[in-house]
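Examination of the molecular architecture
Take a look at the letters that make up each chain.
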Number of protein chains: 2
Amino acid sequence: MELEGIIGKIRGRGYKATPQRVAVLEAISAEQHQSLEGIRSRCPGVGMVTVYRTLDLLSGLGLVRRLDLGDGPRYELAEDHHHHLICEDCGSVAEFEQCPLDPRQLPEVGGDFEVRAHSLEVYGRCSACR
Amino acid sequence: MELEGIIGKIRGRGYKATPQRVAVLEAISAEQHQSLEGIRSRCPGVGMVTVYRTLDLLSGLGLVRRLDLGDGPRYELAEDHHHHLICEDCGSVAEFEQCPLDPRQLPEVGGDFEVRAHSLEVYGRCSACR
DNA sequence: CCGTAACTGAAAAAAAATTTCAATAAGGTA
DNA sequence: TACCTTATTGAAATTTTTTTTCAGTTACGG
Ligand SMILES: [Mn+2]
Ligand SMILES: [Mn+2]
Ligand SMILES: [Zn+2]
Ligand SMILES: [Zn+2]
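Below is a short write-up of the structure. (Residues numbered from 1 in each chain as written. Chains lettered and ligands numbered in written order. Predicted model: local features only at pLDDT ≥ 70, side-chain atom pairs only at ≥ 80, totals over all residues. Heavy atoms only, no water.)

Put simply, a metal with four donors set out as a tetrahedron has ideal angles of 109.5 degrees, and one with six donors set out as an octahedron has ideal angles of 90 or 180 degrees. Residue and element names in this part refer to chain A. Protein coordination at the manganese ion (ligand 1) comes from His33 (NE2), Glu76 (OE), His82 (NE2), His84 (NE2) and Glu95 (OE), with a distance range of 1.9 to 2.3 Å. Here the donor residues for the manganese ion (ligand 1) map to a single chain with the spacing H-x42-E-x5-H-x1-H-x10-E. Of this pair, His82 sits in the loop between strand E3 (74-77) and strand E4 (83-87) while Glu95 sits in strand E5 (residues 93-96), placing them 13 residues apart in sequence. (Donors = N, O, S within 2.8 Å, 3.2 Å for Na, K, Ca; no water. Helix = DSSP H or I, 4+ residues; strand = E, 2+ residues; numbered from the N terminus.)

Written out as structure tokens, the structure reads:
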């Protein structure tokens, strides 16, 4: 989704599309999986508190996803369902779309648990580090 | 693995099996997926710094695993490969052994990435919260 | 425009993690 | 067993990260 669409969703939910929020959104959309520091440095005019609050807001709206891959939180635009390849040597994060889960097994492992979502991270060494 | 085995591994790697380390280990083995606070309250005589350092040591040795499921780090004894069912309502964490990954697809999604491990978390609602 | 509720950000506070360093003690050696 | 060496501990200080407060500002519907 392009930025305009996301901004529309913010307004549609009754929140204001302030310049600070748009700036944070632009910072996030510049690169997936950024740390807070990375995002902050991309919108230097926005106060730290506002960055925190905007990340909370956008996460709550489901427009941004917070990732806990170790080494502190990272953020990404919540686009299509995908998973991550994480290099244990250099820390780089790559994405892949193909979901290697067997859809027949998922409800089965759940039992009486109602499955709503999942996240899968694959760890190893990237081609550059090999 | 029982505690004695783990303690043996600590010694085997050249580290001392101090009472503090054993106390932290006992605290962790009392319950999977505890927060730092939970672990600390189970070994009140051990200083905070030592708890942090012991968790680092045991994680580095692969005897304990740190989990980032949101809401701060949690720790578990690194037993057999398993995954987690996380209730979005009450926050409870359950385990399941059966790995629903299709083993044929995993190397494929990697491409020239060398896959070494993976982690899978399933989110939803537990039976109690339904 | 105007009014108002939502929003911002500086400052302070709280929470979480790390560093420092003098004192202690585990475990090997004789 | 007694001793020695080096790893380990923990109180205190420091740093880093996140949250709270609150007075001033602003987006935006009417
Ligand atoms: Mn991603
Ligand atoms: Mn577990
Ligand atoms: Zn790499
Ligand atoms: Zn539940």
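Bringing the coordination of the manganese ion (ligand 2) into the picture now. Residues and elements named next belong to chain B. Donor atoms from the polypeptide that bind the manganese ion (ligand 2) are His33 (NE2), Glu76 (OE), His82 (NE2), His84 (NE2) and Glu95 (OE), placed at 2.0 to 2.3 Å. Sequence spacing of the donors to the manganese ion (ligand 2): H-x42-E-x5-H-x1-H-x10-E. Of this pair, His33 sits in the loop between helix H2 (19-30) and strand E1 (34-35) while Glu95 is found in strand E5 (residues 93-96), placing the two residues 62 residues apart along the sequence.

Residues and elements named next belong to chain B. Even without a glycine there, the phi angle at His33 is positive, about 65°. By relative accessible area, which is 8% here, His33 ends up buried. Although it is not a glycine, Asp71 sits at a positive phi angle of roughly 60°. In this structure, Asp71 sits in the loop between strand E2 (64-67) and strand E3 (74-77). (Buried < 20%, exposed > 50% of the residue type's maximum accessible area, 1.4 Å probe, protein only.)

Now for the interface of chain B and chain A. In this assembly, 35 residues from chain B lie in contact with 35 residues from chain A. For the pair chain B and chain A, the summed buried area comes to about 3,200 Å², and 54% of that belongs to carbon and sulfur atoms. Connecting chain B to chain A are eight salt bridges. Where chain B packs against chain A, one counts 16 residue pairs in polar contact (both at pLDDT 80 or more). Of all the secondary-structure elements, those providing two or more residues to the side of chain B that touches chain A are strand E4 (83-87), helix H5 (105-110) and strand E6 (114-125) of chain B. Here the residues of the side of chain B that touches chain A are counted per class, giving 16 nonpolar, eight polar and 11 charged. Bridging between strand E6 (residues 114-125) of chain A and E6 of chain B involves 11 bridges; their strand directions are antiparallel. Looking at the pairing, Arg125 of chain A lines up with Glu114 of chain B of E6 of chain B. (Contact = heavy atoms within 4.5 Å. Buried area = accessible area lost by both parts, 1.4 Å probe. Salt bridge = Lys/Arg side-chain N within 4 Å of Asp/Glu carboxyl O. Polar contact = N/O pair within 3.5 Å; in protein donor to acceptor, adjacent residues only side chain to side chain. Nonpolar A, V, L, I, M, F, W, Y, C, P; charged D, E, K, R; others polar. Pairing = 2+ DSSP bridges.)

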